[in-house]
Amino acid sequence: MPGATMESELAVEPQSLKKLSFKSLKRALDLFSPIHGQFPPPDPESKKIRVSQKLNTEYGGVKNVATEPSIHTTKSQSQQASTPSNVLALPGPEHSKAGPQKDLVISSAGQSRGSNDVGVQGRSTTIVSSHVSSERNFTTSAIMERIPSRWPRPVWHAPWKNYRVISGHLGWVRSVAVDPSNTWFCTGSADRTIKIWDLASGRLKLTLTGHIDQVRGLAVSNKHTYMFSAGDDKLVKCWDLEQNKVIRSYHGHLSGVYCLALHPTIDILLTGGRDSVCRVWDIRSKMQIHALSGHDNTVCSVFTRPTDPQVVTGSHDSTIKFWDLRYGKTMATLTHHKKSVRAMARHPKEDCFASASADNIKKFKLPKGEFMHNMLSQQKTIINAAAVNEEGVLATAGDNGSLWFWDWTSGHNFQQAQTIVQPGSLESEAGIYSLTYDATGSRLISCEADKTIKMWKEDDEATPETHPLHFKPPRDIRRF
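Note that the structure is a prediction, hence the values are computed from the model and not measured.

**Some words on the overall build of the protein**
A tally of helices and strands in the protein yields four helices and 31 strands. Across the 480 residues that make up the protein, the buried fraction comes to 44%. Counting contacts in the protein only where the partners sit at least 6 residues apart, residues at least 24 apart contribute 47% of the total. Surface summary for the protein: the accessible area is close to 26800 Å², and the carbon and sulfur share equals 52%.

**A look at a nonpolar patch on the surface**
Together, Val51, Leu55, Tyr59 and Val62 make up a nonpolar patch on the protein surface, roughly 350 Å² of accessible area in all. Locating Leu55 in the fold gives a position in helix α3 (residues 44–59). Since its relative accessible area comes to 45%, Leu55 is described here as partly exposed.

**Things to note about the packing of aromatic side chains**
Inspection of the entire model under this criterion finds twelve aromatic pairs. A ring pair is formed by Trp172 and Tyr433, whose centres lie 5.2 Å apart and whose planes are at 35 degrees; its orientation type is tilted. Of this pair, Trp172 sits in the loop between β4 (160–167) and β5 (173–178) while Tyr433 sits in strand β29 (residues 432–437), placing them 261 residues apart in sequence. Residue classification places Trp172 among the partly exposed residues on the basis of a relative accessible area of 37%. What links up through ring pairs into an aromatic cluster is the set Phe303, Phe322, Phe353, Phe364 and Phe371. Against the face of Tyr258 rests Arg216, its NZ or CZ located 4.0 Å from the ring centre. Lying across the ring of Tyr163, Lys457 places its NZ or CZ 5.1 Å from the centre.

**Here we look at the environment of Glu427**
Tracing the chain through its elements places Glu427 in the loop between β28 (413–418) and β29. The sequence separation of Glu427 and Asn400 amounts to 27 residues, and the corresponding C-alpha distance is 9.1 Å.

Procedures and definitions
- All residue numbers here refer to positions counted from 1 along the written sequence of the relevant chain.
- Residues qualify for local features only when their pLDDT is at least 70, as the model is predicted, and side-chain atom pairs are given and counted only at 80 or more; totals for whole chains, interfaces and linings, by contrast, use all residues.
- Remark: hydrogens and water are excluded; side-chain values derive from all non-hydrogen atoms of the structure.
- Helix numbers and strand numbers start at the N terminus; a helix is a DSSP run of H or I with at least 4 residues, a strand a run of E with at least 2.
- Only protein chains enter the accessibility calculation, which uses a 1.4 Å probe. A residue is then buried if its area is under 20% of the maximum for its type, exposed if over 50%, and partly exposed in between.
- In this analysis, two residues are considered to be in contact whenever any of their non-hydrogen atoms come within 4.5 Å of each other.
- Values of accessible area rely on a 1.4 Å probe in the Shrake-Rupley scheme; residue burial ignores everything except the protein chains shown.
- Nonpolar side chains (Val, Leu, Ile, Met, Phe, Trp, Tyr) are joined into patches within 5 Å and like charges within 9 Å, using only residues with over 30% relative accessible area and no salt bridge.
- The rule for a salt bridge is simple: a side-chain nitrogen of Lys or Arg has to be within 4 Å of a carboxyl oxygen of Asp or Glu.
- Here is the rule: rings of Phe, Tyr and Trp (six-membered ring for Trp) pair when centre to centre is within 6.5 Å. Planes less than 30 degrees apart are stacked, more than 60 are edge-to-face, and the remainder are tilted.
- In this scheme, Lys NZ or Arg CZ marks a charge over a ring once it lies within 6 Å of the ring centre and within 35 degrees of the ring normal.

The quantities given are spatial measurements derived from coordinates; they are silent on function.
What follows is the structure, given as structure tokens:
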């Protein structure tokens, strides 16, 4: 069989793409480069410039200093006695107790101090040196100008403490919303009920039933006597709080509904769910205005604002999308996160928002979505909820029961609280699923996996002296 033998002779051994590309690159160099494999000839002029630059950088401040100890010491002492200046004196070796004082004196004076002093142009640095022992090695860091960090210093906030635990639900508490009048709040749970509580006393006022699966999202209208709820049963309901019953249902979601938001100025409702779509509903007519499709996975967080972009959604596909509400199209997509964006918090005063993911908490500007910075620590857990008040205290809650408080401007984490499960619960039931501030921003309500609702407030007795601010500005600012 001659054909088979020819094939076996001409068989080429398989090579990796990397090896082939290197081979091709080498052939191209051999073909087009006449001096392939040779170093370029040394250039004396460039070497001279390089060496002089290094000398100036390292020894520019000290290379012309004279070494007479007596003249300089007396001069420096007389100058110090006559004019006040900001002088840094570095002592000599500790064992030199006898003999002349061996000090390096550094002063940032505006003019030269005499014929033997060195005046560097611009910001002059005068260096008076005595006969320094060779055992002591002064580095250039001693005479470098200290550049202050440009990172904003955090504002001091009092630490927060848990002051009330409310139990009443029979399942995980998944959602919370506060009434605009700040007199009551409602919670939705995995026990399929919605409970309404008095905000001041924490007493139960009302229990609403109607959902057939856990209630994942709640919102209270500030213009009507309506409350809206969404759940894993694909249902979105509108409750009339004067009659305490469902008056409208919004049908269209193909799977569980995970988040819900009300537009601040227009009578529309936004719901996002496991069908990867954010749906826009007309509250009165129950009609679906838009289906904002574009995410590749569950839409798990949404917020709205009066001006464009009016709708912002976060998803398990780790992206954040800005939507044009007129056309139902995407305005921008932010791909900074690497993990699911389960929580977002819009600042009540500033045009910016924070998005929380398991990898990082990031801040973005509105309306364009420019990345500002990361928060300076990592919570290292799945973050389910985030909320920010007008004073700039951002709270983020994790699956492991951690509740961290951040300074909004600087991103400094000033408190790391840990929730305590109620007696009879497992330690693994320490997760927090939802967070919200009341209308004043002075009370924080957290909904937890141990079937309780916890309320937090600032510690009135804390002062900057009892709880000092331990802030270390970051060395490098991450731009992504």
